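# Architecture and fold: a report
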Amino acid sequence: MKNVVVIGAGQAGCSVVTRLRGNGFDGSITLIGEEPVVPYQRPPLSKKYLQGEMERPRLFLRPEKYYFDNNIDIRLNQTVTAIDRDNRTVRCGENTHSYTDLVLATGAKPHRLPRASGGELQNVFCVRTLKDIDQMKPAFRPGARLLVIGGGYIGLEAAAVAAKTGLKVTLVEMAERILQRVAAKESSDYFRSLHKGHGVDIREGVGVTRLLGDTQVTGALLSDGSKLEADFVISGIGVAPATKLAEDAGLAIENGVRVDEFGRTSDANIWAAGDCASFPYQGSRVRLESVPNAIDQSECVADNVMGAEKEYEAKPWFWSDQYDVKLQIAGLNQGYDRVVSRTTDNVSKSFWYYQGERLLAVDALNAPRDYMVAKRLIESGKSPVPELVSNLETNLKALLQT
Ligand SMILES: Cc1cc2nc3c(=O)[nH]c(=O)nc-3n(C[C@H](O)[C@H](O)[C@H](O)COP(=O)(O)OP(=O)(O)OC[C@H]3O[C@@H](n4cnc5c(N)ncnc54)[C@H](O)[C@@H]3O)c2cc1C
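The rules behind the values
- Residues numbered from 1 in each chain as written.
- Predicted model: local features only at pLDDT ≥ 70, side-chain atom pairs only at ≥ 80, totals over all residues.
- Heavy atoms only, no water.
- Pairing = 2+ DSSP bridges.
- Helix = DSSP H or I, 4+ residues; strand = E, 2+ residues; numbered from the N terminus.
- Axes fitted to C-alpha atoms, helices over the stretch in contact; angles between N-to-C directions.
- Contact = heavy atoms within 4.5 Å.

## Some thoughts on the sheet that holds strand E15 (residues 227–229)
Sheet architecture is open: three strands sit in the order E13-E14-E15, paired in antiparallel fashion. Strands at the two margins of the open sheet, each flanked by one partner only, are strand E13 (208–212) and E15. Adjacent strand axes in the sheet meet at a mean angle of 20°, parallel and antiparallel pairs treated alike. Bridge count for E13 against strand E14 (residues 219–222) is four bridges, and the pairing is antiparallel. The residue of E14 that forms the bridge with Leu211 is Ala220.

## Here's the deal with the sheet that holds strand E11 (residues 168–173)
On the basis of which strands lie adjacent, the open sheet formed by five strands has the order E9-E16-E10-E11-E12 and parallel pairing. What marks the edges here is a single partner per strand, and that holds for strand E9 (124–126) and strand E12 (201–204). Here the strands of the sheet are splayed against their neighbours by 20° on average, with no regard to which way each runs. With four bridges connecting them, strand E10 (residues 145–149) and strand E16 (residues 232–235) associate as parallel partners. Its bridge partner lying in E16, Ile149 is registered against Ser235. Contacting E10, E11 and E16, helix H5 (residues 153–165) crosses the sheet at an angle of about 165° to E11.

## A word on the environment of Ala249
Relative to the helices and strands, Ala249 resides in the loop between helix H7 (244–248) and strand E18 (257–258). Here the alpha-carbon distance between Ala249 and Asp321, two residues 72 residues apart in the chain, equals 39 Å. Those residues in contact with Ala249 that lie beyond four places of it in its chain are Ile83 and Arg85.

Okay, structure coming up:
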């Protein structure tokens, strides 16, 4: 009888166990998570939940009862500290759990500002867990001064919630422009102007030299020599895949836990999925930090644990909500050399990333139709001529027939 242990009770861990039981898996399942709550969705943490527009119970992916009813032994508030591959066991406090198949769904951990730069001061928050958000929420009072460090999607979403709530927000980004790592200049320009229109003071090409304050943060010294006062700070400076357990166990690591096309690590009895795993994709290797990937990859792993021998075919997509703008991204823009804009009006736009003649990805801003067509084009390997895309006379849907 198979005996599956899943480490990490987040989106990926939950998807593995629900898929297993949904497929009729009748072996034992243990799901171990270090957070004190059952698996929940993270996207609303920097959006509706932070804004107070979503109640806590709606965050949970499944009610607690689901795990009980489906004979899933869920262990919360427990950290796995070691994997013994020879004996096929994992250590968790005083307990040892044995497995026939082990799934690593350990996710990612936020980078923190170093202690020497004031990262340990009170009122400096990360945006990763429900606990992080519950701790920062009381600071979201109209008029309060917030410094956001990092102009990626998480920092920008938090800034948007704060600005809507009436806080005075400054966002600093060390790179030349916000979203530099993930998006084209056109998308950065769009979001910069959106935030400026809501009163956010965005400073690009400026880092934080040091946070100021004795026990509690009071401000920051910036790399351009200026000083800022702040009542609290949100640090959104990226994440690193949680690979320590895998590394200590001698598994292959390559920007995450290295898995093959089936989701298997360098040990045939150990699998990985979600933010912690890097996998083969179109001739290279990628690691994605997104809910759709966490779900699809985990479901593929669950099927393979049951013997399906199914290859994971990632169909990358992502979204972000800021103010009244919904960004939807299809594909991966890595290696793009040209961006084509399709501008319906000031608010609805899409940016199409090409490498040569090949369409790689699309950022659609309040443009759900562009997103839908682009996603289908990318997934079917079709690349419309760029001039057709930018021409508003073109019926986008017709491009799917070509
Ligand atoms: C604020 C925020 C907003 C986001 N918004 C979007 C969005 O709009 N769209 C989108 O697609 N994606 C979004 N994401 C990303 C998305 O939430 C992640 O890609 C997804 O949660 C990954 O799931 P995961 O299970 O791989 O990792 P996680 O959700 O990080 O879960 C991993 C779990 O494993 C636990 N764990 C780690 N090590 C151990 C151990 N040794 N023992 C026990 N437990 C352990 C961790 O505590 C954690 O609970 C957002 C993320 C955040 C933080």
